Amino acid sequence: MKHEVTGMESVKEIVQSNLANPKLRAETMEKVLLKGDLGSLTPSERLHYYVSVCTSVGLNAATQPFSYLTLNGKLVLYANKGASEQLRAIHNVSIAIKTRELVEGCYVVTATATLSDGRTDESIGAVSLEGLKGEARANALMKCETKSKRRVTLSICGLSLLDESEIEAIPGAARMAELPWRSRMRRRPSGLGRRSGK
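Parameters and conventions
Residues numbered from 1 in each chain as written. Predicted model: local features only at pLDDT ≥ 70, side-chain atom pairs only at ≥ 80, totals over all residues. Heavy atoms only, no water. Helix = DSSP H or I, 4+ residues; strand = E, 2+ residues; numbered from the N terminus. Buried < 20%, exposed > 50% of the residue type's maximum accessible area, 1.4 Å probe, protein only. Contact = heavy atoms within 4.5 Å. Pairing = 2+ DSSP bridges. Axes fitted to C-alpha atoms, helices over the stretch in contact; angles between N-to-C directions. Salt bridge = Lys/Arg side-chain N within 4 Å of Asp/Glu carboxyl O.

Re the overall build of the chain
- Helix and strand counts for the chain come out as seven helices and seven strands.
- The N-to-C order of helical and strand elements in the chain reads α-α-α-β-β-α-β-β-β-α-β-α-β-α.
- When burial is assessed residue by residue, the chain has 38% of its 198 residues classed as buried.
- Looking at the chain alone, contacts between residues at least 24 apart form 51% of all its contacts between residues at least 6 apart.

In structure tokens form, the structure reads like this:
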């Protein structure tokens, strides 16, 4: 049974409905794995997939740790700031900066992540400093360090997703303005779904 998102439902109600339907879970995962494009899913199927990804790594879907991005003609998820922050706290990820280098006009930072079981991983963040001075250069340096920390956090937690700090450097990448069920909820008539006395 397909479950369509309506403006009268809360995110919690929709999430509970999707998680209670194993057939929908299988159908949704099959579409994603075969096509690699979330655009082929219905709004309710996309919501289910979104929640499933969050659940798999312990994230709270209600905080919107991921957003949608159109990349090479496909709709995919990318991780935002909240995702990496939650992941570090949930999985007790310790981050350390291994190196900071200037390579052919690019500032390159290598970050190392360590889990409580001793497993480690590392990733780099890189930004071009060509033509940058003053505050713009300082901001680029800080952005590079942030990028390296977020990328290694996603990697050690097993998420092969882009981080939002990488998006602006990708030609043709277009972010979705908001998650589709959020806009539907905002359009519901005022007063509906509210409890009296509040």
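A short note on the sheet that holds strand S3 (residues 94–103)
- Spatially, three strands are ordered S3-S4-S5 in an open sheet, and the strand pairing comes out antiparallel. Where the open sheet ends on each side, the last strands, each with one partner, are S3 and strand S5 (120–128). The sheet shows a mean angle of 20° between the axes of neighbouring strands, taken without regard to direction.
- Where S3 lies against strand S4 (residues 106–114), nine bridges are found, and the strand directions are antiparallel. Within S4, the residue paired with Ala-96 across the bridge is Thr-112.
- Against the sheet, helix H5 (residues 134–156) contacts S3, S4 and S5, and its axis sits at roughly 150° relative to S5.

A short note on the pattern of salt bridges
- Under the counting rule described, the total for this entry stands at seven salt bridges.
- With a shortest N-O distance of 3.1 Å, Lys-98 and Glu-122 are connected by a salt bridge. You can see Lys-98 sitting in strand S3 and its partner Glu-122 sitting in strand S5, a full 24 residues away along the chain.
- Close ionic contact of Arg-150 with Glu-164 constitutes a salt bridge, the shortest N to O distance being 3.2 Å. Within this pair, whereas Arg-150 is found in helix H5, its partner Glu-164 is found in helix H6 (residues 164–167), the two being separated by 14 residues in sequence.
- Residue classification places Arg-150 among the buried residues on the basis of a relative accessible area of 11%.
- Within the structure, one salt-bridge network assembled from shared partners comprises Arg-100, Glu-145 and Lys-149.

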